[in-house]
Amino acid sequence: MFQKGVTDRVYSNHSELLADIAAITAQETAALAGEGVDYLQIDDGYQKFPIGLPDTWLHPNEKFPSGMDGLASYISTHGMRPGIWTNVSFADSAAAWKNKALFVKGAKGGPAIGNWVGYVMDGSNPETISKLISPVYKGFREQGWKYFKLDALRHLRYEGYNAYASYFRNKGYDREKAFRHVVAEIRNQVGRENFLLACWGIRPELVGLVDGCRIGNDGYSYAGLAQFNSWNNIIWRIDPDHIELTPKEAWRSCTATSITGSVYMLTDKAELYRNSPLIEAARRTLPVLTTRPAQVYDVDPSVSAHIAMAATELSGSGPRPFDASSSTTTGLFALEISKPWENWMVLGRLDDRDRTLPFSELGLEPTEDQLVFEFWTKRFLGTFREKFDPPAIDSNFRCQVLCFRKKLDHPQLLATNRHISCGAAEIKELQWTGNALVGTSDLVAGDDYIIYIHEPVGSSDPKIDMSDGLPFTTSKTGALRTITVRSSGTTRCTWKLSYE
């Protein structure tokens, strides 16, 4: 999944926003066509203030004269699915006091107030749901929105329902059920076909209701990918928060998100997508492949072990002990790939803390030779047995993607340049038959497709054929043969290397 959030710029007028949307979608159509670009999410800033009644959400402020339906339509016509940020806060004091029955009661009988959540909407009251929740999300769905980021949920739970536990106890209503009731109605109104993201912090109460969960504080979380890895694509899709394509973090964040199969969201100023080489980090890590954790425990259980505290926390200010932390707890992320023609491993190495990689610890057979290829630098690193001592990480990328393939006694695929999975994203068929290596790959328009082949000592120069007469060039250095295929359009190509 790939979302684009226009979240780090404050727009002074509607035309500025539309111009940037057009620029983003135009550039991504050219640079990331066919690579998993799905959503463009509009963030905080469109709503009227103080937020509260449905009208303040559905009919935006003066910066959006075309309305939210017009904006959703504009994004759709530019080839992306519209996404929108909302939250469960209520800040309109006059409306809250006028409709006191719709809110949790405070100690003095007035509407209860919580930090960041404002006046606490009462999820145990069906009238609250029908008047304050249902119209907002029914309206947004009818306007054409397809992705919903639901913010301030931790504050509704902690400062709202946990802090006013006596209100629910006196009412004889379980406060977790009331909290879940709010989100269940949002889920019902937006529809199961659309994506619902819970934000922020781990939300165990919402299992089964949301499609994704942003598990940590603002800012990308490497640690969370290990602290809640057993939840990812089992309970929901983990959102480590947005990726920023900076020279320092672009390659690392894109690599970690793609390898773990997490929610993949970029947020950058639109001009970056026009000319920056940093877009290559995104281009080679999309689409996100469907992955499942290989174990039912978290690699780093120091956070998930405290998840029961969610039922008793009274403040959502700052990270709680069970929220994903921002520091890295491991520098290695492994993706085992199984295809009908071959099994191989891709290992993301985000730092140099692991200087030796024993094959037994990677799940590789120590007595078998493994070919190792580094994706970002496009280097064949050699043949290894029992262990691998990786070279220094290239400072241009600040991470490595290592592809391990069992060495065969004939020419074989090492990798392609299309995707960090080294062939899993675009190769549809691959076989060695009759002294020929034959593959079928999906090519992206305007993107040179490079195939890296390992040829054992003594191999002849192959006769190379490309379907539809696609032009190509080839070269060889040592045991590594490189074939570059050029395609002006998105197409499926069958390539064949015939050896004597």
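Residues numbered from 1 in each chain as written. Predicted model: local features only at pLDDT ≥ 70, side-chain atom pairs only at ≥ 80, totals over all residues. Heavy atoms only, no water.

S.K.: Can you help me understand the packing of helix α6 (residues 153–162) against helix α8 (residues 175–190) in this one?
M.R.: When two helices pack together, their arrangement is captured by the angle between the axes and the distance separating the axes. In contact at an axis separation of 11 Å, α6 and α8 are set at 145° when each is read in the N-to-C sense. Crossing handedness for the pair α6 and α8: right-handed. Contact residues: L153, L156, R157, Y161 and N162 in α6; R175, E176, A178, F179, V182 and V183 in α8. Among the residues making up the contact of α6 with α8, the classes are represented as 7 nonpolar, 1 polar and 3 charged. (Axes fitted to C-alpha atoms, helices over the stretch in contact; angles between N-to-C directions. Helix = DSSP H or I, 4+ residues; strand = E, 2+ residues; numbered from the N terminus. Left-handed = near helix turned anticlockwise from the far one by under 90°. Contact = heavy atoms within 4.5 Å. Nonpolar A, V, L, I, M, F, W, Y, C, P; charged D, E, K, R; others polar.)

S.K.: What am I meant to see in the pairing of strand β6 (residues 147–151) here?
M.R.: It is a general feature of regular strands that their side chains alternate between the two faces of the sheet. Among the 5 residues that make up β6, 5 are buried, leaving the element largely enclosed by the rest of the structure. Neither face of β6 is left uncovered, since the one carrying Y147, K149 and D151 and the one carrying F148 and L150 both have all their residues buried. Relative to β6, strand β3 (residues 81–87) is paired through 5 bridges, and the arrangement is parallel. Counted as the bridge partner of T86 is L150 from β6. In the sheet, β6 pairs with strand β7 (residues 195–198) via 4 bridges, with the strands oriented parallel. By the bridge assignment, L150 is partnered in β7 with A198. (Buried < 20%, exposed > 50% of the residue type's maximum accessible area, 1.4 Å probe, protein only. Pairing = 2+ DSSP bridges.)

S.K.: Please clarify how the packing of aromatic side chains should be interpreted in this entry.
M.R.: Given two aromatic rings, their pairing is described by the distance between the two centres and the angle made by the two planes. This model, assessed by the stated rule, comprises 23 aromatic pairs. Among the aromatic residues, those joined into a cluster by ring pairs are Y46, W57, W85 and F140. Here R252 stacks its cationic end above the ring of Y222, 4.5 Å away from the centre of that ring. (Phe/Tyr/Trp six-rings, centres within 6.5 Å; stacked < 30°, edge-to-face > 60°. Lys NZ or Arg CZ within 6 Å of the ring centre and 35° of its normal.)

S.K.: Could you clarify how one ought to interpret the pairing of strand β17 (residues 400–406) in this entry?
M.R.: The element β17 is largely enclosed, with a buried count of 6 among its 7 residues. The pairing of strand β12 (residues 342–349) with β17 spans 5 bridges and is antiparallel. By the bridge assignment for β17, G348 is matched with V401. In this structure, strand β14 (residues 370–374) lies alongside β17, joined through 5 bridges in antiparallel fashion.

S.K.: Help me understand helix α3 (residues 67–77), please; the structure alone is not making it clear to me.
M.R.: An α-helical turn contains 3.6 residues, so a residue and the one three or four places further along point in the same direction. Restricting attention to buried positions, one finds in α3 the residues G67, M68, L71, A72 and I75. Immediately downstream of α3, the backbone of G79 shows phi near 90°, a positive value.

S.K.: Before we go on, may I ask you to explain the sheet that holds strand β18 (residues 412–416) in this structure?
M.R.: Backbone-to-backbone hydrogen bonds pair the strands of a sheet. The strands run either parallel or antiparallel. Judged by pairing direction, the sheet is antiparallel, and its 4 strands sit side by side in the order β18-β21-β24-β23 without closing on themselves. At either margin of the open sheet sits one strand with a lone partner, and together these are β18 and β23 (472–477). For this sheet, the mean angle separating the axes of adjacent strands, direction not counted, is 25°. Note: β18 against strand β21 (residues 449–454), 4 bridges, orientation antiparallel.

S.K.: Would you take a moment to explain empty space enclosed by the protein for this structure?
M.R.: Regions of empty space are outlined by a rolling probe, equal in size to a water molecule, passed over the atoms. Evaluation of the coordinates by the stated rule reveals 2 cavities of 30 Å³ or more. Taken as a whole, the largest cavity spans an internal volume of roughly 70 Å³. If you go around the largest cavity, the residues you meet are G52, W57, N87, V88, S89, M121, L132, I133, V136 and Y137. Counting residues per element, the lining of the largest cavity draws most heavily on helix α5 (residues 126–143), at 4 residues. Residue composition of the lining of the largest cavity, grouped by class: 7 nonpolar, 3 polar and no charged. Size it by volume and the second largest cavity reaches roughly 30 Å³. The wall of the second largest cavity is formed by S258, I259, L289, L335, V346, H419, I420 and S421. (1 Å grid on protein atoms, 1.4 Å probe; cavity = no way out; pocket = protein on both sides within 12 Å on 5 of 7 lines; lining within 4 Å. Points joined across faces, edges and corners; volume = space filled by probe spheres on them.)

S.K.: What is the right way to look at α6 in this model?
M.R.: Among the 10 residues of α6, 10 are classified as buried, and the element is accordingly described as predominantly covered. Residues L153, R154, H155, L156, R157, Y158, E159, G160, Y161 and N162 constitute the buried set of α6. Lining the buried residues of α6 we find β4 (113–114), β6, α7 (165–171), α8 and β7.

S.K.: Any chance you could explain the layout of surface pockets here in plain terms?
M.R.: Approximately 950 Å³ is the volume found for the largest pocket. The set of elements that each furnish at least two residues to the lining of the largest pocket consists of α9 (223–227), α10 (250–260), β11 (332–339), β12, β13 (357–358) and α13 (359–362). A total of 7 residues in the lining of the largest pocket trace back to one element, the largest contributor, which is β11. A per-class count over the lining of the largest pocket returns 20 nonpolar, 11 polar and 5 charged.

S.K.: Help me out: how do you make sense of the side chain of D122 in this one?
M.R.: By secondary structure assignment, the location of D122 is in the loop between β5 (118–119) and α5. D122 has contacts with L102, F103, V104, T128, Y161, Y167, F168 and K171, leaving out every residue within four places of it along the chain.

S.K.: Help me understand the environment of H306 in this model?
M.R.: Its place among the elements puts H306 in the loop between α12 (279–283) and β11. By relative accessible area, H306 is classed as partly exposed at 36%. For the pair H306 and L335, spaced 29 residues apart in sequence, the C-alpha separation works out to 27 Å. Other than its neighbours up to four places away in sequence, H306 contacts P321 and F322. A distance of 3.5 Å separates a polar side-chain atom of H306 from the backbone oxygen of S302. (Polar contact = N/O pair within 3.5 Å; in protein donor to acceptor, adjacent residues only side chain to side chain.)

S.K.: Honestly, the sheet that holds strand β19 (residues 427–433) in this entry has me stumped. Any pointers?
M.R.: A sheet is described by the order of its strands in space; here 4 strands give the open sequence β19-β20-β25-β22, paired in antiparallel fashion. Two strands in the sheet have a free side with no partner beyond their single neighbour: β19 and β22 (463–466). Across this sheet, the average inter-strand angle for adjacent strands is 15°, counted without regard to direction. In this sheet, strand β25 (residues 491–498) lies alongside β22 in antiparallel orientation, the contact comprising 4 bridges. Bridge pairing links M466 to W495 in β25.

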